[in-house]
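Here is what each chain is made of, one letter per residue.
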Amino acid sequence: MNAMMRRVVIGTTAVSMALAVAACGKAGDDKDKDSGSGDKTIGLLLPDSVTARYEKFDKPFFVAKVKELCSDCKVEYANAAGDAAKQAQQVSSMITKGVKVIVVSAQDSAAIKSSIQTAVDKGIKVVAYDRLAQGPVSAYVSFDNVKVGQLQGEALIASLGAKATPKAKVVMINGDDADPNAGQFKKGAHEALDGKVDIAYEQSGLWKDTVAAQKMSAAITQLGAKNIAGVYAANDGMAGGIANTLKGAGISGIPLTGQDAELAGIQRIVAGTQSSTVYKAFKPEADAAAQIAVNLLDGKSIDSLATETLTSGSGNKVPSQLLTPVSVTKANIADTVVKDKLYTVAEICAGEFAAACKTAGLQ
């Protein structure tokens with residue numbers, strides 16, 4: 001091989017190696033970009049760990065659906081543990097991590113407004129989950145919350161039967177006013193109850209069983225144990241505290257509502273210490289939020305998903321997807337939470353509830 005040919009071969013080889021290195025370098029850069037940035041990352045922020053549904057159902061259902069829709073997507077998760085300031089810090093952390101979409105169930109819908117604004121200013125899309133947060137959110141996924149309250153009120157009236165008269169004294173323990181859903185539940189419940197019973201005592205239980213128990217105790221002192229015909233509790237967590245207070249006061253056989261279809265709530269219904277709950281199927285809600293989040297991540301339209309428009313507390317018009325809640329009593333446990341595999345009969349009927357389950361026809 002002469003000198004000229006050697007120079008051509010060497011030059012060609014060098015160019016080929018350079019192109020190969022460049023190609024490898026580019027591929028590596030893309031890989032690093034996908035794994036090291038938030039380009040394919042969705043943030044999920046839930047409000048508390050006291051309400052059983054969030055950790056047990058909402059989170060795993062959401063993560064699973066995101067992975068199904070987007071195999072290379074990542075979900076960054078945080079729980080505010082009932083602390084609005086902590087949730088604000090979690091939003092900041094999500095922004096720092098470079099997430100592109102944040103799905104948040106606000107601990108305090110008003111307090112989180114500035115955090116949402118900051119995220120949106122950074123180009124992040126925000127989806128309000130279960131609770132309609134204030135600020136420029138791109139979408140909202142929840143249930144028809146006024147309908148939830150109506151179902152609770154109607155179930156209470158049905159349980160009272162002939163005792164449902166304008167003189168029948170009912171205790172009403174609502175949720176936390178910082179949660180916009182609480183006001184909607186209350187509105188729906190009043191629509192069902194007003195004029196049909198006497199709401200003789202009404203307070204907020206702040207979504208806490210201990211606070212609800214204290215409020216119930218105060219109601220008993222004020223009204224007298226024998227004068228209380230029924231109790232509206234806005235969710236199952238508070239219903240648990242109220243049930244304990246009623247038992248301690250020797251009160252039994254009166255209607256007590258709830259919401260969320262928590263296992264403990266279903267067991268109380270079987271045992272007869274709670275009359276009803278409201279089942280909001282967690283999987284469809286989490287799936288819907290995941291679909292909207294992935295669409296927003298990919299720059300796709302959500303018009304076919306969020307077909308309604310709601311106005312938040314800050315006046316923002318928010319495209320919304322609202323699912324339908326279902327009232328649950330002893331009569332339809334098998335056809336709702338068991339049929340949907342939320343709980344097995346064995347889980348519901350464990351231990352002390354076995355005998356009551358047989359009476360209820362679950363075993």
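Our subject is the structure that appears above.
Just so it is clear, the model here is predicted, and its values are computed rather than measured.

Here the focus is the state of the cysteines. Applying the stated criterion to the full structure yields two disulfides. Through a disulfide, Cys70 is tied to Cys73; the S-S separation comes to 2.0 Å. Between Cys70 and Cys73, the S-S dihedral sits near 75 degrees, and the bridge is therefore right-handed. With respect to class, Cys70 is no different from Cys73; both count as buried. Linked covalently through their sulfurs, Cys349 and Cys357 form a disulfide whose S-S length is 2.1 Å. A torsion of -90 degrees about the S-S bond marks the disulfide between Cys349 and Cys357 as left-handed. Cys357 carries the same exposure label as Cys349, and that label is buried. Indicated for the protein chain is the disulfide connectivity 1-2, 3-4, based on numbering the bonded cysteines in sequence order.

Read from one edge of the open sheet, three strands run β7-β6-β8, paired in parallel fashion. Both outer strands of the open sheet, β7 (198–204) and β8 (228–233), are each paired with one neighbouring strand and no more. Here the strands of the sheet are splayed against their neighbours by 20 degrees on average, with no regard to which way each runs. Bridging between strand β6 (residues 169–174) and β7 involves six bridges; their strand directions are parallel.

For the rest of this paragraph, the subject is the pattern of salt bridges. A full pass over the atoms with the stated rule returns 14 salt bridges. Between Arg53 and Glu285 there is a salt bridge, and its shortest N-O distance comes to 2.8 Å. Here Arg53 is found in helix α2 (residues 52–69), whereas its partner Glu285 is found in helix α10 (residues 282–297), with 232 residues between them in sequence. An identical accessibility class is assigned to Arg53 and Glu285; each is buried. As a salt-bridge pair, Glu76 and Lys97 come within 3.2 Å of each other at their nearest N and O atoms. In this pair, Glu76 sits in strand β2 (residues 74–79) while Lys97 sits in helix α3 (residues 84–97), placing the two residues 21 residues apart along the sequence. Three or more residues joined by partner-sharing salt bridges are found here, namely Arg53, Asp58, Asp130 and Glu285.

On the secondary structure map, Asn295 appears in helix α10. On the basis of relative accessible area, Asn295 is assigned to the buried category, the value being 11%. Beyond its immediate stretch of four places on either side in the chain, Asn295 contacts Lys300, Ser301, Ile302 and Leu305.

Quick look at the sheet that holds strand β10 (residues 308–311) now. With mixed pairing, the seven strands of this open sheet are ordered in space as β2-β1-β3-β4-β5-β11-β10. Here the strands that pair on one side only, and so sit at the sheet edges, are β2 and β10. On average, each strand axis in the sheet is tilted by 25 degrees relative to the strand beside it, whichever way the strands run. One ladder, built from three bridges, connects strand β4 (residues 125–129) with strand β5 (residues 139–143); its direction is parallel. Across the sheet, Val127 pairs through a bridge with Ala139, a residue of β5.

Glancing now at the nonpolar core. What tends to happen in soluble globular proteins is that the nonpolar side chains get buried as a cluster. Val171, Met216, Ile228, Val231, Ile242 and Leu246 are the most contacted members of the largest nonpolar core, which totals 38 residues. When contributions to this core are tallied by element, the ones reaching two or more residues are α5 (145–160), β6, α6 (180–193), β7, α7 (209–223), β8 and α8 (236–248). If we skip the residues at most four places from it in the chain, Ile228 touches Lys169, Val171, Met216, Ala219, Ile220, Leu223 and Ile254. Membership of the second largest hydrophobic core comes to 28 residues, among which are Ile42, Phe143, Ala286 and Leu296.

The rules behind these values
- Residues numbered from 1 in each chain as written.
- Predicted model: local features only at pLDDT ≥ 70, side-chain atom pairs only at ≥ 80, totals over all residues.
- Heavy atoms only, no water.
- Disulfide = S-S within 2.5 Å.
- Buried < 20%, exposed > 50% of the residue type's maximum accessible area, 1.4 Å probe, protein only.
- Pairing = 2+ DSSP bridges.
- Helix = DSSP H or I, 4+ residues; strand = E, 2+ residues; numbered from the N terminus.
- Axes fitted to C-alpha atoms, helices over the stretch in contact; angles between N-to-C directions.
- Salt bridge = Lys/Arg side-chain N within 4 Å of Asp/Glu carboxyl O.
- Contact = heavy atoms within 4.5 Å.
- Core = buried A, V, L, I, M, F, W, Y, C linked by side-chain atoms within 4.5 Å.

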